Amino acid sequence: MLTRRQSLLLATFWTAAPAFAFDLNKALGAAKGAAAAASLSDADVQAHSRQMAAHMDGQARIAPEGSPYAKRLAALTASARDDKGLALNYKVYQTRDVNAFALADGSIRLYSGLMDMMTDDEIRYVIGHEIGHVHSGHSRKRLQVALSTGALRDAAGAAGGTAAALSQSQLGELVTQVVRAQHSQSNENEADDYAMGFLSRRGHDRKAAVSALEKLDQMSGGRDSSWLSTHPA
């Protein structure tokens, strides 16, 4: 027979148990999400990247095929439809912003504001620089970090890290953390080194890297540049 003290202790245990179980489940879910992010497969990275590209494309005004911007981009990237096994696809966002980005699935997006101020080889340098972030693993690392925190971590844990679990708002958060956040100076230097090789392999003028950066640097005292805002000086 239980004593009164034993009965009270038992009652206290059962009353607290549900709350303890809830916290434990939450902790296990967080651990599962963090583990899923840390062990992203190449297929997971590609799937997340495709969804991010579709999310951003859906919010952008894309230069239609046959437009001057689309024609120019097609011509200057004719020798760059693939880079070390990475199939590349290109679009132009019609906006005055000066920016560009590459995603791990090979999606390259250039802003018309950047195209307006740069020569063809300068644009090729920017493309090579952004691809450098992909090949150097910077984009993958950002994806892993983003998916290991907060709501994105919980979504990754719920579906083993697959992109299907992400809502539009979560995709927007992922874009912010993967595409729009600032890279470190060392990452930028590594991407620039890659861009120089990118130009050399295709027989383009390496001096375009210098002139492109000079143009972007001049903008720091005037018109806003989204590209500069995500790239250290």
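Residues numbered from 1 in each chain as written. Predicted model: local features only at pLDDT ≥ 70, side-chain atom pairs only at ≥ 80, totals over all residues. Heavy atoms only, no water.

Running from N to C, helix α5 (residues 120–135) and helix α10 (residues 207–219) point in directions that differ by 85°, and their axes come no closer than 8 Å. In terms of axis orientation, α5 runs roughly perpendicular to α10. Here α5 contributes D121, E122 and Y125 to the contact with α10, which in turn contributes A208, A209, S211, A212, L213 and K215. Of the residues assigned to the contact of α5 with α10, the class counts are five nonpolar, one polar and three charged. (Axes fitted to C-alpha atoms, helices over the stretch in contact; angles between N-to-C directions. Helix = DSSP H or I, 4+ residues; strand = E, 2+ residues; numbered from the N terminus. Parallel < 35°, antiparallel > 145°, perpendicular 65-115°, else oblique. Contact = heavy atoms within 4.5 Å. Nonpolar A, V, L, I, M, F, W, Y, C, P; charged D, E, K, R; others polar.)

Note: most peptide bonds trans; most residues except glycine with negative phi. Backbone geometry at K84 places phi at a positive 50°, although glycine is not the residue there. Note that K84 resides in the loop between β1 (82–83) and β2 (86–87). A relative accessible area of 59% means that K84 is categorised as exposed. (Buried < 20%, exposed > 50% of the residue type's maximum accessible area, 1.4 Å probe, protein only.)

Further remarks concern the side chain of R142. By the secondary structure assignment, R142 is in helix α6 (residues 138–146). Comment: no salt bridge for buried R142; closest opposite-charge side chain is E188, at 6.1 Å. Discounting chain neighbours no more than four positions away, the residues touching R142 are Q177, V178, V179, A181, Q182 and H183. (Lys, Arg positive; Asp, Glu negative; His and termini not counted. Salt bridge = Lys/Arg side-chain N within 4 Å of Asp/Glu carboxyl O.)

A word on the packing of aromatic side chains. Two descriptors summarise a pair of aromatic rings, namely the distance from one centre to the other and the angle between the planes of the rings. Summed over the entire model, instances satisfying the criterion amount to two aromatic pairs. With a centroid separation of 5.5 Å and an interplanar angle of 45°, the aromatic rings of Y93 and Y111 are classed as tilted. Taken as a pair, Y93 in strand β3 (residues 89–93) and Y111 in strand β5 (residues 107–111) lie far apart in primary sequence, 18 residues in all. We note that Y93, like Y111, is buried. Positioned above the aromatic ring of Y194 is the side chain of R201, whose terminal nitrogen or guanidinium carbon lies 5.3 Å from the ring centre. One cation-aromatic arrangement involves R202 over F198; the distance from NZ or CZ to the ring centre is 4.2 Å. (Phe/Tyr/Trp six-rings, centres within 6.5 Å; stacked < 30°, edge-to-face > 60°. Lys NZ or Arg CZ within 6 Å of the ring centre and 35° of its normal.)

This paragraph deals with the sheet that holds β3. An order of β3-β5-β4 is seen for the three strands of this open sheet, with the pairing classed as mixed. Each having just a single partner strand, β3 and β4 (100–102) make up the two edges of the open sheet. Strand-to-strand twist of the sheet, defined as the mean angle between neighbouring strand axes without regard to direction, takes the value 15°. As paired elements, β4 and β5 share three bridges and run antiparallel to each other. Within β5, the position partnered with A102 by the bridge is I108. (Pairing = 2+ DSSP bridges.)

What follows concerns the environment of A181. Structurally, A181 is set in the loop between α8 (168–178) and α9 (185–201). We classify A181 as partly exposed; its relative accessible area is 27%. Taking C-alpha positions, A181 is 9.2 Å from R142, a pair spaced 39 residues apart along the chain.

This part is about the pattern of salt bridges. Summed over all chains, the structure comprises seven salt bridges. K215 is the partner of E122 in a salt bridge, and the nearest nitrogen-oxygen pair spans 2.7 Å. Of this pair, E122 sits in helix α5 while K215 sits in helix α10; the two residues are 93 residues apart in sequence, bridging distant segments of the chain. Judged by relative accessible area, which is 3%, E122 ranks as buried.

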